[in-house]
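Per-entry structural report
The chain contents come next:
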Amino acid sequence: MDLGEIAQFMRTGIMQVFTLCAPVLGAALIIGLIISIFQATTSIQEQTLTFLPKLLTILLVLALLGGWMFSRMENYTINLFEQIPRMG
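Residues numbered from 1 in each chain as written. Predicted model: local features only at pLDDT ≥ 70, side-chain atom pairs only at ≥ 80, totals over all residues. Heavy atoms only, no water.

What follows covers the overall build of the protein. Counting its secondary structure elements, the protein contains three helices and zero strands. For the protein, the succession of helices and strands along the chain, N to C, is α-α-α. Taken over the C-alpha trace, the protein has a radius of gyration of 19 Å; the compact-globule value for 88 residues is 12 Å, which it surpasses by more than 25%. The principal-axis extent of the C-alpha atoms belonging to the protein is close to 60 × 25 × 15 Å. Looking at the 88 residues of the protein, the share that counts as buried comes to 17%. Partitioning the contacts of the protein with sequence separation of at least 6, the portion at a separation of at least 24 is 68%. For the protein, the accessible surface area stands at approximately 6600 Å², while carbon and sulfur atoms represent 74% of it. (Helix = DSSP H or I, 4+ residues; strand = E, 2+ residues; numbered from the N terminus. Rg over C-alpha atoms; globule rule 2.2 N^0.38 Å. Buried < 20%, exposed > 50% of the residue type's maximum accessible area, 1.4 Å probe, protein only. Contact = heavy atoms within 4.5 Å. Areas by Shrake-Rupley, 256 points an atom, 1.4 Å probe, with all protein chains shown as cover.)

Dropping the structure here:
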């Protein structure tokens, strides 16, 4: 195993993390922005107001995309374990 293959494993792993985190973080960002605009227009300065909607949004995204996320991670893990005999 050379340095190029190790770099490829690292690159693929980092892309998996970005791909799996992006929908959850994106939804939380959008909800946070909407609530911030609402707070600015109504002059409500309560910092804890954003917590529950963000939490519910994150749970909803995980419920909707959890199967896709799990299957993508499963495929990556299987591929990684299939490469172990070549590493030795």
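A few words now on a nonpolar patch on the surface. Side chains of Met1, Leu3, Ile6, Met10, Phe81, Ile84 and Met87 sit close together on the surface and give an oily, nonpolar patch of about 720 Å² of accessible area. Looking at the nonpolar patch, the elements with two or more residues in it are helix 1 (3–42) and helix 3 (84–87). Per element, the largest residue contribution to the nonpolar patch is three residues, and it comes from helix 1. With respect to the helices, strands and loops of the structure, Leu3 is situated in helix 1. We classify Leu3 as exposed; its relative accessible area is 69%. (Patch = residues over 30% accessible without salt bridge, like charges linked within 9 Å, V, L, I, M, F, W, Y side chains within 5 Å. Salt bridge = Lys/Arg side-chain N within 4 Å of Asp/Glu carboxyl O.)

Tallying each qualifying case throughout the model produces one salt bridge. Put simply, Glu5 and Arg86 hold a salt bridge, and the shortest N to O gap is 2.8 Å. Taken together, the residues Glu5 in helix 1 and Arg86 in helix 3 connect sequence positions 81 residues apart. Among the residues examined, Glu5 registers a relative accessible area of 28% and is labelled partly exposed.

This part takes up the side chain of Thr50. Tracing the chain through its elements places Thr50 in the loop between helix 1 and helix 2 (51–82). Discounting chain neighbours no more than four positions away, the residues touching Thr50 are Ile35 and Gln39.

Another point: unusual backbone geometry. Generally, phi is negative for residues other than glycine and the peptide bonds are trans, each holding for most cases. Of note, Ser43 is a non-glycine position whose phi angle comes to about 60°, a positive value. Structurally, Ser43 can be placed in the loop between helix 1 and helix 2.

Counting residues in each nonpolar core, the largest one holds five residues, listed as Leu20, Val24, Ala27, Val61 and Met69. By residue number, the principal contributor to this core is helix 1, which donates three residues. Not counting the four nearest positions on each side in its chain, Leu20 is found in contact with Trp68, Met69, Arg72 and Met73. (Core = buried A, V, L, I, M, F, W, Y, C linked by side-chain atoms within 4.5 Å.)

This is a description of form; function is not addressed.
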